[in-house]
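# Structural features, examined
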Amino acid sequence: VLCIGSPFGTDRLGLDVAEALKNRFDAKRVAVIACDRPGARLLEDLRGASAVLLIDAVRSGAPAGTLHRLQTDAIPHQLQRHTSTHGFGLAEAIALARELKELPERLILLGAELGTATTETVDRVAQAAVSQIGEWLAEIGPESHPET
Amino acid sequence: MRRLFYCGEWIVSHSLHIHLLAAPDFFGCENVIELVRREPDAVRRGLRLQEAGNAIIELLGGRSVHPVGARVGGFSRAPDVEQARELLGRLKPLSVEAEAMAAWCAALPLPGDSQDFESVALFHPDEYAITRGRIRSDRGLNIGKEAFEKHFSERQVPHSTALQCLHDGQPYLVGPLARLNLNFDLLPEATRQLAASLGIAWPSRNVFHSVVARALEVHFAFTEAIRLLEAYIPTPTPHLTAEPRAGVGFGITEAPRGMLWHRFELDDRGQVRSARMVPPTSQNQARIEQDLRLSLQAFGMDREDAEIRRRAETVVRNYDPCISCATHFLDLRIDRRE
């Protein structure tokens, strides 16, 4: 679970989610990583995992508080317009990993629409994300990646 | 430890710039994704080198979130000996990869365009300067860091939101090529031999050689990091206690993109009264504009707009401006007159 964010304003969402997920799962099987604007470094974090869930702030024009959920194939296409707030963005990192054949088998992006959201909205979205992540991990379960 | 930290920063920044920004331009690719299709092994090698740089930064506690490593007076803690040894084992085989990358960069079809410019960098008689030294240039400048403001001034220009720093009113170059031009003789023997084998005469007046200078500095940074880690003995005092007192202090280092100058004024409680930082990007700003003018004149304007745009973008990206500005930065309007 890669939680992307920065300490600034609503962009802290990813870091908040990482904090909330801390110590909730067996560390041998599930890694929760907080990434502050990782750029190309994301490739390193994607490597070696059978399933990855990314959470980041996105901008698509949807109302603040919307939580998008995109599967692998939808990600690059969608992100061409929904740019992340960071420099060498998520879209580029995922496209590069895809080209290098380093994408994990399963990849999901939770994209939180935040913009000028209030603190309450950010907290609510973070809570929603935390429960979605919990459900997702239960869903893919231990049998889906027995090598770990 | 600070020098080792910087070696990590240089490796990460240079490797990313070479593969994500510079090389696609010289291969005629739109971006790194296209470059992967043509040069997959080179890109993978670049990422391996960059990741080793990240590992150096991590050893010193520079995690990407809530960094805990560097602090006033030194570092929060000295790295563990076992971890340092592991890292050393990981870095050693990569020197050869850095060598191969430098040869790959030197073989890029770089434009041959000599220009007249001033190179400015830190100089230290005992080492390839990173964290200490005097400010020198190849036109005779030789000053301490406290004298920076007497010789360098930043200005605003109407056409840009970026500050431009000038040396006695003139543009100048900082960064890998400027450092190599001034401090070539202080590189380790292995890096000098590698540089000599690449068929480029150093110092160089061709700013496009910056990409090769960056690759050579990656090789240097690996060599230096290995040397530092081999000699590593943990200290019981990773940092000294700093007692706040009123005064003005200066700091200067060679960040990956070039000289970075700081001035802080503190009160007797240690609170900052005023601060000024001059980053390398502002120092190269006027040089980029000068280079654009000279490069495009040398390139010839009797060409298709797309070709001119391409060359102009290549010139700008060659300076390693920050990634987010470097991918969408050029608003090209050509006013052709008969």
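Right, let's walk through the structure included here. The model shown is predicted, which means the values in this text are computed figures rather than measured ones. (Residues numbered from 1 in each chain as written. Chains lettered and ligands numbered in written order. Predicted model: local features only at pLDDT ≥ 70, side-chain atom pairs only at ≥ 80, totals over all residues. Heavy atoms only, no water.)

### Re the packing of aromatic side chains
Residue and element names in this part refer to chain B. The test is simple: Only centres within 6.5 Å qualify two rings of Phe, Tyr or Trp (six-membered ring in Trp) as a pair; their planes then separate them into stacked at under 30 degrees, edge-to-face at over 60, and tilted for everything else. Helix and strand assignments follow DSSP, with helices taken as H or I runs no shorter than four residues and strands as E runs no shorter than two, numbered in order from the N terminus. Per-residue accessibility, obtained with a 1.4 Å probe over protein chains only, is compared with the maximum for each type, and a residue is labelled buried under 20%, exposed over 50%, and partly exposed between these values. For a lysine, the NZ atom is tested; for an arginine, the CZ atom; a charge sits over a ring if that atom is within 6 Å of the ring centre and within 35 degrees of the ring normal.
This structure, assessed with the given rule, holds 10 aromatic pairs over all chains. Ring geometry for Trp10 versus Phe220: centroids 5.9 Å apart, planes at 55°, classification tilted. With Trp10 in helix H1 (residues 2-26) and Phe220 in helix H9 (residues 210-230), the pair connects residues that are 210 residues apart, well separated along the chain. Across this residue pair, the class does not change: Trp10 and Phe220 are buried. Members of the aromatic cluster, joined through ring pairs, are Phe148, Phe152, Tyr172, Phe250 and Trp261. Cation over ring: Arg303 sits above Phe299, and NZ or CZ is 3.7 Å from the ring centre.

### As for the interface of chain A and chain B
Formally: Whether two residues are in contact is decided by their heavy atoms, any of which lying within 4.5 Å being enough. Once two parts are joined, some of their accessible surface, as seen by a 1.4 Å probe, is lost; buried area is that loss totalled over both. We count a salt bridge whenever a side-chain nitrogen from Lys or Arg sits within 4 Å of a carboxyl oxygen from Asp or Glu. Identification of polar contacts relies on pairs of N or O atoms within 3.5 Å, with a donor-acceptor requirement for protein atoms, meaning one able to donate a hydrogen and the other able to accept it, and with residues adjacent in sequence counted only if both atoms are side-chain atoms. Polar here means any residue outside two lists: the nonpolar Ala, Val, Leu, Ile, Met, Phe, Trp, Tyr, Cys and Pro, and the charged Asp, Glu, Lys and Arg; Gly therefore counts as polar.
Taken together, the 17 residues of chain A in the interface contact 17 residues of chain B. Approximately 1,500 Å² of surface area, both sides summed, lies buried where chain A meets chain B, with 61% of it carried by carbon and sulfur atoms. Contact with chain B buries area across many residues of chain A, yet Arg41, Glu99 and Leu100 of chain A alone supply 38% of it, more than any other trio. In this assembly, chain A and chain B are joined by four salt bridges. Between Arg37 of chain B and Glu99 of chain A there is a salt bridge, with the nearest N and O atoms lying 3.0 Å from each other. Viewed at the interface, chain B and chain A are joined by six residue pairs in polar contact (both at pLDDT 80 or more). Breaking the side of chain A that touches chain B down by element, the ones donating at least two residues are strand E2 (33-36), helix H2 (42-46) and helix H4 (90-99) of chain A. Here the side of chain A that touches chain B is composed, by residue class, of nine nonpolar, one polar and seven charged.

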